[in-house]
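Working through the structure, step by step
The residues making up each chain are set out below.
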Amino acid sequence: MDTQLAPGLSDEQRAMLELEGTRFKYPGRKDTVIREMFDLSPAQFAQKINHLIDQPEALVWDPVEVNRLRRLRDARSKQRNGSTWPGRR
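Residues numbered from 1 in each chain as written. Predicted model: local features only at pLDDT ≥ 70, side-chain atom pairs only at ≥ 80, totals over all residues. Heavy atoms only, no water.

1. Re the packing of aromatic side chains
The condition is simple: Any two of the Phe, Tyr and Trp rings considered here, Trp counted by its six-membered ring, make a pair once their centres fall within 6.5 Å; the pair's planes then place it as stacked at under 30 degrees, edge-to-face at over 60, or tilted in between. Note on classification: 1.4 Å probe, protein chains only; a residue is buried when its accessible area is under 20% of the maximum for its type, exposed when over 50%, partly exposed between these limits. Here, over-ring charges are defined by two tests on the NZ atom of lysine or the CZ atom of arginine: distance to the ring centre within 6 Å, and angle to the ring normal within 35 degrees.
This structure, assessed with the given rule, holds one aromatic pair. With a centroid separation of 5.6 Å and 35° between ring planes, the pair formed by F38 and F45 is classed as tilted. Assessed through its relative accessible area of 10%, F38 is described here as buried. By relative accessible area, F45 is classed as buried at 2%. Above the ring of W61, the side-chain terminus of R14 is found at 5.5 Å from the ring centroid.

Dropping the structure here:
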């Protein structure tokens, strides 16, 4: 995508979103790439992605991927909290 569309995102943030959308054939490969590209642990990377997908600039940059990640995060949160019905806490 054109960087002019997401002026509020750094090159690193755009690369993180692109990596998160990548599918890996072998287990553990993503973790290796995260360490090599960003010098982060997979947990640190997940925390940064979690924060990043809440930024409006990220939604402008890649709405499909950001919305997919938000849905996954919401589903995991509901599962952790035991909420399976809409509106249930």
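2. Digging into the pattern of salt bridges
In plain terms, the rule: Salt-bridge detection follows one rule: a side-chain nitrogen of Lys or Arg within 4 Å of a carboxyl oxygen of Asp or Glu. Working definition: helices are DSSP H or I runs of at least four residues, strands are E runs of at least two. Numbering for both runs from the N terminus.
A full pass over the atoms with the stated rule returns four salt bridges. Close ionic contact of R73 with D54 constitutes a salt bridge, the shortest N to O distance being 2.8 Å. Highlighted residues: R73 in helix α5 (residues 63-81) and D54 in the loop between α3 (42-52) and α4 (56-61), separated in sequence by 19 residues. Relative accessible area serves as the criterion here: at 19%, R73 is assigned to the buried category.

3. Overview of α3
Just so we agree on the cut-off: Picture the helix axis, draw a direction to every C-beta atom, and the arc is the one those directions span. The contact rule is simple, with two residues in contact once any of their heavy atoms fall within 4.5 Å.
Those residues of α3 not exposed but buried are F45, I49 and L52. Considered in projection along α3, the buried side chains sweep an arc of 60° and stay on one side of the axis. Turned more than 90 degrees away from the buried face of α3 sit Q47 and H51, all of them exposed. Those residues of α3 that are buried lie in contact with α1 (11-20), α2 (29-38), α4 and α5.

4. Focus on the nonpolar core
Using the following cut-off: Buried residues of nine kinds, namely Ala, Val, Leu, Ile, Met, Phe, Trp, Tyr and Cys, make up a nonpolar core once their side-chain atoms join them within 4.5 Å.
Counting 16 residues, the largest nonpolar core has M16, L17, F45, I49 and L52 as its most contacted members. Listed by contribution, the elements that provide at least two residues to this core are α1, α2, α3, α4 and α5. Residues within four places of M16 in sequence aside, it is in contact with F38, L40, F45, K48, I49 and L52.

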